[in-house]
Amino acid sequence: MTTKQLYNQIQQKKSFLCVGLDVDLNKIPQHLLTTEDPIFEFNKAIIDATHDLCVSYKPNTAFYEAYGLKGWQSLEKTINYINENYPDIFTIADAKRGDIGNTSTMYAKAFLEDLNFDSVTVAPYMGKDSVEPFLAFENKHTILLALTSNEGAFDFQTQQVNDKPMYQTVLETSKTWKKSENLMYVVGATKAEYFKEIRNIVPDSFLLVPGVGAQGGSLEDVCKFGMNKQVGLLINSSRGIIYASNQKDFAEAARNEALKLQRAMAIILEQN
Ligand SMILES: O=c1ccn([C@@H]2O[C@H](COP(=O)(O)O)[C@@H](O)[C@H]2O)c(=O)[nH]1
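The structure presented is a predicted model; accordingly, all values stated were derived computationally and were not measured. (Residues numbered from 1 in each chain as written. Predicted model: local features only at pLDDT ≥ 70, side-chain atom pairs only at ≥ 80, totals over all residues. Heavy atoms only, no water.)

Chemist: How should I be thinking about unusual backbone geometry in this particular structure?
Modeler: Most of the time, phi is negative for any residue but glycine, and the peptide bond is trans. Positive phi, normally seen in glycine, also occurs at asparagine 116, with a value near 65°. With respect to the element layout, asparagine 116 can be found in the loop between α5 (101-114) and β4 (119-122). Among the residues examined, asparagine 116 registers a relative accessible area of 36% and is labelled partly exposed. Phi is positive for aspartate 163, close to 70°, though the residue is something other than glycine. By secondary structure assignment, the location of aspartate 163 is in the loop between β6 (160-161) and β7 (164-165). Relative accessible area serves as the criterion here: at 75%, aspartate 163 is assigned to the exposed category. (Helix = DSSP H or I, 4+ residues; strand = E, 2+ residues; numbered from the N terminus. Buried < 20%, exposed > 50% of the residue type's maximum accessible area, 1.4 Å probe, protein only.)

Here is the structure:
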């Protein structure tokens, strides 16, 4: 998917919401546990209930890898279900990969070719040759961790290296890499005060913004400094949407939470 197609979808749906599919078997409704594939049944119901309110789905692969082969099969069924039924939706494999070049090529193939996600999250720590193999895939996107939503972001990412915070070096240096037009960046909603500076460095890039909802980030604060002419934001909420209820009404409850965010986004889009 191109970023233009993503922007068209944002305009049509008046939404830049990304729903996180982080499925924990201890948190999903009991009645699903007797089905053959509880993770997929849960995802399918959430997707069917929210697809018109969001522009993106983001399964975090940890929640699938934790269940071994069955978990990986549930991930595969989930991405196939989205691609077959809602092909306009931008899909993100939140896998946070990155390794020496030939290994990164295999990671990229797994997520962008075999599973056919539109994008994958990648850690920048190993540098250019660890990221460029992901960037080589046509019409696919590499979402580089820039400034993450967690407290540990202050351990390295904001530390001064050569007179500037390391996350700024990540943004600036990554722009010089081959096929850097396929880059997007992760910036946490809990770091709203940094968005102005980040937009000075990457004015046109899409930013994936986790941390609204369960982590307490503010949609309004992020949008104030983070939006660009093409909106340029994908705001993720996972637990705040998918675990709104653990009863039979879970999909309806998830829809209601997604609707609250979509309505707030529609107002912000009208004002900009
Ligand atoms: O900086 C980051 C990068 C990734 N994440 C991931 O996003 C979701 C957030 O889930 P919530 O339940 O809405 O808090 C989850 O998959 C994280 O691993 C992040 O939170 N921060």
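Chemist: Before we go on, may I ask you to explain the UniProt feature "domain: Orotidine 5'-phosphate decarboxylase" (unreviewed entry) in the protein in this structure?
Modeler: In this numbering, the UniProt entry assigns the feature "domain: Orotidine 5'-phosphate decarboxylase" (unreviewed entry) to residues 16-254. End-to-end, the C-alpha atoms of residues 16-254 are 16 Å apart, and along that stretch the chain is 39% helix and 18% strand. (UniProt positions renumbered as here; feature names shortened; annotations may be inferred.)

Chemist: For this particular structure, what's the right way to read helix α1 (residues 3-13)?
Modeler: Helical periodicity: at 3.6 residues per turn, an α-helix aligns residues three or four positions apart in one direction. Considered for burial, the residues of α1 that qualify are Leu6, Tyr7, Gln9, Ile10 and Lys13. Each buried residue of α1 sits inside an arc of 160° when the element is viewed along its axis, so together they form one side. Residues Lys4 and Gln12 are exposed on α1 and point more than 90 degrees away from its buried face. Next to the buried residues of α1 lie β3 (90-97), β8 (183-187), β10 (233-237) and α12 (250-271). Of the residues trailing α1, lysine 14 is marked for its positive phi of about 50°. (Arc of directions from axis to C-beta. Contact = heavy atoms within 4.5 Å.)

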